[in-house]
Amino acid sequence: MNWQKPLASYVLRTQLQWREWQKWAHSLQTHTETFSPIPQTESVTVSVVQFNVTPVTSPPLWRDRVTQAFRQAKAQDAQIIVFGEDIALPLLGVLAGRVGASADQNPLPSWTPWLRALVNPVYQYWHRTMQVLARHFAITTVAGSAITKTHSKLFNQSVIFDANGWVIATQSKMHLFPLENDLGIIPGADLTPQVFAPWPLITVVCNDATYFETFRMAWRLGALLVAVPIVDPEPLYSEAKARRGTWARVQETPVAGLVGASTGNLFGMKLTGKAGIYLPISLTKDGSGILTETASAEGEEVVTAAIDLGCLRKFQQEFAYQDLTDHWLNALYSQ
């Protein structure tokens, strides 16, 4: 196995077709499309992406769909775009038939022995692609998340690029699913302060939104917007279950929740979920707390809405703070 892992990494890098990728990136620079960032105002337009993460057999099949999501967002004058969790994993599909069984049939745990050798080539491809597209379309980009290896440790990490393609924040997932623990991924230590350039935006990853403390910390750091890339290994979508996440958090903590969702069939796991933008219920006309949301829990879609930051900031200032740790929670922790 020791010699097989470097070989698998080499084969993966070959299959990712970096020379072809460089031609693609160069073609974007010479393309007739020209974009510039939309000036910062008291309103921000956000696109959230529901993306199918079923493994692909060729990198362009993944990259072209990501590009199309950017193009749709820009056509709707979006200033921020948010993708879902684990959006880079479909690229492992290019190894179909070369590592164990076919990549689209192998359950994800069977990849555990190979992950440390394979995650960084995939992470680099995802990172560079999102960076190029953020710069080309001049849009602040929450690039979803991808597994990365740092000092021999695996993290599920989200990255934010500004409209010039510069990295302005990274955030590792803090609250892992049991499957992620089984894969050898370790949790991020804490919510890291993130550069507000130009928007008061913080990113957390999926299960982090299960805990009210995460959003309270983001609010204390000055966030008005909390982006949440998600993936839900739930074959039957449940609206009631989904509402326990970001929607519930923004009712407790007055921020806007921006959810990008990954769906599809990822290494034998059926994934469902909706991308959406959520606000405190009193800030939505119909009292639903849903500013916009994708129509179906499967497939691909980009939805867009404008958020009144001035109104949200005023709501924060007038919000009646409730200490969610009083009284029962303190008593429980002290026992």
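All of these numbers come straight from a predicted model, not from anything done at the bench.

Formed by 58 residues in total, the largest nonpolar core has its most connected members in Trp62, Phe70, Phe83, Trp126 and Met130. Those elements that place two or more of their residues in this core are helix H1 (4–15), helix H2 (18–30), strand S1 (43–52), helix H3 (59–75), helix H4 (112–137), strand S3 (140–150), strand S4 (153–161) and strand S9 (269–271). The leading source of residues in this core is H4, at 13 residues. Core analysis: the next-biggest nonpolar cluster, separate from the first, contains 42 residues, Val46, Val48, Cys206 and Leu258 among them.

As enumerated under the stated definition, the model contains 9 aromatic pairs in all. Put simply, the rings of Trp18, Trp21, Trp24, Trp62 and Tyr125 pair up and form one aromatic cluster. The ring of Trp18 has Arg128 lying over it, and the distance from NZ or CZ to the ring centre is 4.9 Å.

Attention now goes to H4. Compared with an ideal rise of 1.5 Å per residue, which puts 26 residues at 38 Å, H4 spans 36 Å between its outermost C-alpha atoms and is within 8% of the ideal. Of all the bends found along H4, the most pronounced is centred on Leu118 and spans about 50°, while Pro121, a proline, follows it within four residues. The buried count for H4 comes to 19 of 26 residues, which makes it a mostly enclosed element. Ala138 occupies a position one or two residues after H4 and carries a positive phi of about 55°.

The next thing to look at is the pairing of S1. Counting buried positions over the 10 residues of S1 gives 8, a clear majority of the element. Pairing analysis gives 8 bridges linking S1 to strand S12 (residues 301–308), with the strands arranged antiparallel. Along S12, the bridge assignment pairs Thr45 with Ala306. As paired strands, S1 and strand S2 (residues 80–82) are joined by 3 bridges and run parallel to one another. Pairing of Val46 across the sheet is with Ile80, part of S2. Since S1 and S2 lie parallel, the crossover through H3 that links them has a hand, and here it is right-handed. As paired strands, S1 and strand S8 (residues 256–266) are joined by 3 bridges and run parallel to one another. Within the sheet, the bridge partner assigned to Asn52 lies in S8 and is Thr263.

Basis of the calculations
- Residues numbered from 1 in each chain as written.
- Predicted model: local features only at pLDDT ≥ 70, side-chain atom pairs only at ≥ 80, totals over all residues.
- Heavy atoms only, no water.
- Core = buried A, V, L, I, M, F, W, Y, C linked by side-chain atoms within 4.5 Å.
- Buried < 20%, exposed > 50% of the residue type's maximum accessible area, 1.4 Å probe, protein only.
- Helix = DSSP H or I, 4+ residues; strand = E, 2+ residues; numbered from the N terminus.
- Phe/Tyr/Trp six-rings, centres within 6.5 Å; stacked < 30°, edge-to-face > 60°.
- Lys NZ or Arg CZ within 6 Å of the ring centre and 35° of its normal.
- Expected span 1.5 Å × (residues − 1).
- Bend = angle between axes of the 7 residues up to and from the residue.
- Pairing = 2+ DSSP bridges.
- Right-handed = clockwise from strand over helix to strand, strands pointing away.

Remember that the coordinates give geometry; whether it matters functionally is a separate question.
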